[in-house]
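A look at the structure
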Amino acid sequence: MNTHQSVQPKYYPVLAKYFIKYLEEYKKHGIVVDYLSLFNEPEEVYTKISYPEINVLIRDFVGPALQRSGLTTKLMMSEAPERIVAYERYHEVLDDPSTRKLVSAVAYHGYDFKNYDKIAELERKYSEFPFWMDELCYAYEASYPTNKMLPIYEFDDGNNWGNVIFNDLEAGTSAWLYWNAILDETGGPWAVSPVHGNPDPNSQHPVVIINKHTHEVTYTGTYYYLAHFSKFVRPGAVRIETTGKADGVRVMAFQTPEGIVAQILNSAAENKDVNLEFKGKSLHITAPAISIATVTW
């Protein structure tokens, strides 16, 4: 990789061999990589390689090399940093029919905190692929929507993430990942890299906070809201349509092998009465202010 953070075409064959060798060495140690993304946030700070170049790499080099290798690893789109970038740039790869048949998943990052409708449009256009939101967090104090210090201890912060999860899943996304699992009380440790735009400090918000001095463990609001989905909406669940309306309340339901799962998100500052109806039967619950609840049957 040169100083311009791109890859010269003459090195494409070598890079393809590198990716295959990487996967093979992991397999030798009992680790099978399910999906390979060639670059993190291309055309941005981590690499300047463009999507048309990625198209060539997948179509003419990495894809064929992966097929010859006999490995079971599949290829996914190199994740854009924002939904809007995915919308504007992924067509450079996915509209090539030769490349499209080599790609198995479409992933993106959600750092614009909006443009869910653009993901919905992409999902409709490329409906044969699963869509995954596979990186998002509150990074750097200045980027936090309410300008609070990081990390964030308030439970009701989880409501922000509950709504983001709802937005992405309603757009057609079938997987949702938070970036930081565990950080300390300062929002670190953090990497410092001026070339990548990572200053010192660059505190971030995690799912779990562990105080490195007192060893106190804090499960954040992010943890609990995310847990409602990760515990009850397991692989194989299929989202089913919900209808109805209640101010400040959102409901999302899934068909699972065990039955029905409904997530009830109350973003209002007061309790809300919710009636769930399914196949002639009804359930009344009171959703507490700023809360998420899971109902199964």
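Values in this document were obtained by computation on a predicted structure and should not be read as measured data.

**A look at empty space enclosed by the protein**
Enumeration over the complete set of coordinates arrives at 1 cavity of 30 Å³ or more. Considered as a void within the structure, the largest cavity measures approximately 40 Å³ in volume. Residue composition of the lining of the largest cavity, by class: 5 nonpolar, 2 polar and 1 charged.

**Looking at the pairing of strand β3 (residues 103-109)**
Burial within β3 is extensive, with 6 of its 7 residues counted as buried. When strand β2 (residues 74-76) meets β3, the two strands line up parallel, connected through 2 bridges. Within the sheet, the bridge partner assigned to leucine 75 lies in β3 and is valine 103. Judged from the 4 bridges that link them, β3 and strand β4 (residues 131-135) form a sheet pairing that is parallel. When the sheet's bridge partners are listed, tyrosine 108 is paired in β4 with methionine 133.

**Focus: the environment of valine 45**
Locating valine 45 in the fold gives a position in the loop between β1 (35-37) and α2 (51-69). Measuring from C-alpha to C-alpha, the distance between valine 45 and glycine 197 comes to 7.2 Å, with 152 residues separating the pair along the chain. Dropping the residues within four chain positions of it, valine 45 is found in contact with Gln5, Val195 and His196.

What counts and how
- Residues numbered from 1 in each chain as written.
- Predicted model: local features only at pLDDT ≥ 70, side-chain atom pairs only at ≥ 80, totals over all residues.
- Heavy atoms only, no water.
- 1 Å grid on protein atoms, 1.4 Å probe; cavity = no way out; pocket = protein on both sides within 12 Å on 5 of 7 lines; lining within 4 Å.
- Points joined across faces, edges and corners; volume = space filled by probe spheres on them.
- Nonpolar A, V, L, I, M, F, W, Y, C, P; charged D, E, K, R; others polar.
- Buried < 20%, exposed > 50% of the residue type's maximum accessible area, 1.4 Å probe, protein only.
- Helix = DSSP H or I, 4+ residues; strand = E, 2+ residues; numbered from the N terminus.
- Pairing = 2+ DSSP bridges.
- Contact = heavy atoms within 4.5 Å.

What is shown is where atoms sit, not what they do.
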